[in-house]
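# Structural overview for review
As a plain string of letters, each chain reads:
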Amino acid sequence: MLISDKQLIDDLKAGKYFPVYLLTGEENYYIDLTSDFFEHNVVSPDFSDFDENILYGRETDMHTVISYAKQFPMMSPVKVVLVKEAQEIPTKEWELLADYLQNPLPQTLLVFCYRNKKLDKRSKAYKAINDKGCICERAKLYDNQVPDWIGTFVNQHGHTITQKGSILIAEYIGNNLSKIANELSKVFISLQPGDVINEDIIEQNIGISKEYNVFELQSAIGRRDVLKCNRIVNHFAANPKDNPIQMILPSLYNYFIKIMLYHQVPDKSQAASALKVNPFFIKDYATAASNYSLGKLASCIGYLHEADLRSKGIRNSGTVTDGELLKELIFKIIH
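Here goes a summary of the coordinates provided.

Parameters and conventions
Residues numbered from 1 in each chain as written. Predicted model: local features only at pLDDT ≥ 70, side-chain atom pairs only at ≥ 80, totals over all residues. Heavy atoms only, no water. Salt bridge = Lys/Arg side-chain N within 4 Å of Asp/Glu carboxyl O. Helix = DSSP H or I, 4+ residues; strand = E, 2+ residues; numbered from the N terminus. Buried < 20%, exposed > 50% of the residue type's maximum accessible area, 1.4 Å probe, protein only. Contact = heavy atoms within 4.5 Å. Core = buried A, V, L, I, M, F, W, Y, C linked by side-chain atoms within 4.5 Å. Disulfide = S-S within 2.5 Å. Pairing = 2+ DSSP bridges. Right-handed = clockwise from strand over helix to strand, strands pointing away.

### Structural notes on the pattern of salt bridges
The final tally for this structure, using the stated rule, is 19 salt bridges. Between Arg231 and Glu211 there is a salt bridge, with its nearest N and O atoms 3.6 Å apart. With Arg231 in helix H12 (residues 226-238) and Glu211 in the loop between helix H10 (199-206) and helix H11 (214-223), the pair connects residues that are 20 residues apart, well separated along the chain. Residue Glu211 is classed as partly exposed on the basis of its relative accessible area, which comes to 32%. Residues joined in a network through salt bridges with shared partners are Glu306, Arg310, Glu328 and Lys332.

Spelled out as structure tokens, the structure:
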């Protein structure tokens, strides 16, 4: 049966077990979170050497996995057989699992961590897991969902975060939840219970400048704030390793595409949903749309394409640096 990661962990805490589990999907953060719970909380640490087997798909095969699954626990009520990187086990071997699950050992919790791929839902193995056990599948979050996830994650750890702080982290890191969680965990160490994480704390602990970042550059471009754009671009040019042009160009491309979409949304009250952005941003997109016509936006997309080619050594005569390319690009966009 399909089950959420939260329900799965709640069931494990309550001692409700199944003979097989499939942790899968594109979002590895939740696979790791649930896998760690199996590894550290089901079998007592005193007995883990006896009743816990950690295997890796690249180093094992389904015959070996099933042989471990058929062994009775020695010291604990149940044993855990945890197979990490299970997607590395050859597809043809998974039929052996279907055979085992016709009569699985109730005392064994057989757990498969199947990353970045999906086990064929038409296969005997998938159907057997769905029938006898639990399947926990998580898709990656859309970019516009990440700030809310950050807020919830921070709240779960006894703190709060400003809305702009959530957006800043999401813009800087993207939708890699494992990396976000890791960076925020470093921040938590220096906080007192109930502390609010703001842009200053983010800058001090994660290294994301509250003033010189792509989010602020986009906002300045949208307002056609020449002075602010030049300040940010000069900072980027002076610190190319921290602000590579290959990271800036895709963000600006997505920004202009969203302004184009905003122009074409008939009901502006539905713009946040149509653009798949946090409602916090909509006033900025409205301002940008008033400053950039569809024709100008099309030109901006062309400037970005040209800058991308030149940053890769195509159509780039002479020794123009990435910083100089960026300055030229922003000048063309805002004038």
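### Considering the environment of Phe256
In this structure, Phe256 sits in helix H13 (residues 245-264). Linking Phe256 and Cys300, residues 44 residues apart in sequence, is a C-alpha distance of 7.6 Å. For Phe256, the residues in contact, after removing those within four places along its chain, are Ile221, Leu297, Cys300, Ile301, Leu304 and Ile333.

### Focus on the nonpolar core
In terms of nonpolar packing, the biggest core is built from 66 residues, with Ile221, Phe256 and Ile330 touching the most fellow members. Beyond its immediate stretch of four places on either side in the chain, Ile330 contacts Leu217, Ile221, Cys229, Val233 and Leu252.

### Digging into the state of the cysteines
Applying the stated rule across the entire model yields zero disulfides. The thiol sulfur of Cys136 is not disulfide-bonded, and the nearest other cysteine sulfur, from Cys134, lies at 8.8 Å. Cys300 takes part in no disulfide bond, and the closest cysteine sulfur, belonging to Cys229, lies 11 Å away.

### Here we look at the pairing of strand S3 (residues 79-84)
Along any regular strand, the residues point their side chains to alternate faces of the sheet. Judged by how many residues are buried, S3 sits mostly within the fold: six of six residues are covered. Of the two faces of S3, the one holding Lys79, Val81 and Val83 and the one holding Val80, Leu82 and Lys84 are both buried throughout. Here five bridges tie strand S2 (residues 52-56) to S3, and the two strands are oriented parallel to one another. Within S3, the position partnered with Ile54 by the bridge is Leu82. In this fold, the crossover linking S2 to S3 by way of helix H4 (residues 62-69) has right-handed handedness.

### Looking at unusual backbone geometry
Look at Glu85: it is not a glycine, yet its phi comes out positive at around 55°. At Lys276, a position not held by glycine, the phi torsion is positive, near 55°. We classify Lys276 as partly exposed; its relative accessible area is 45%.

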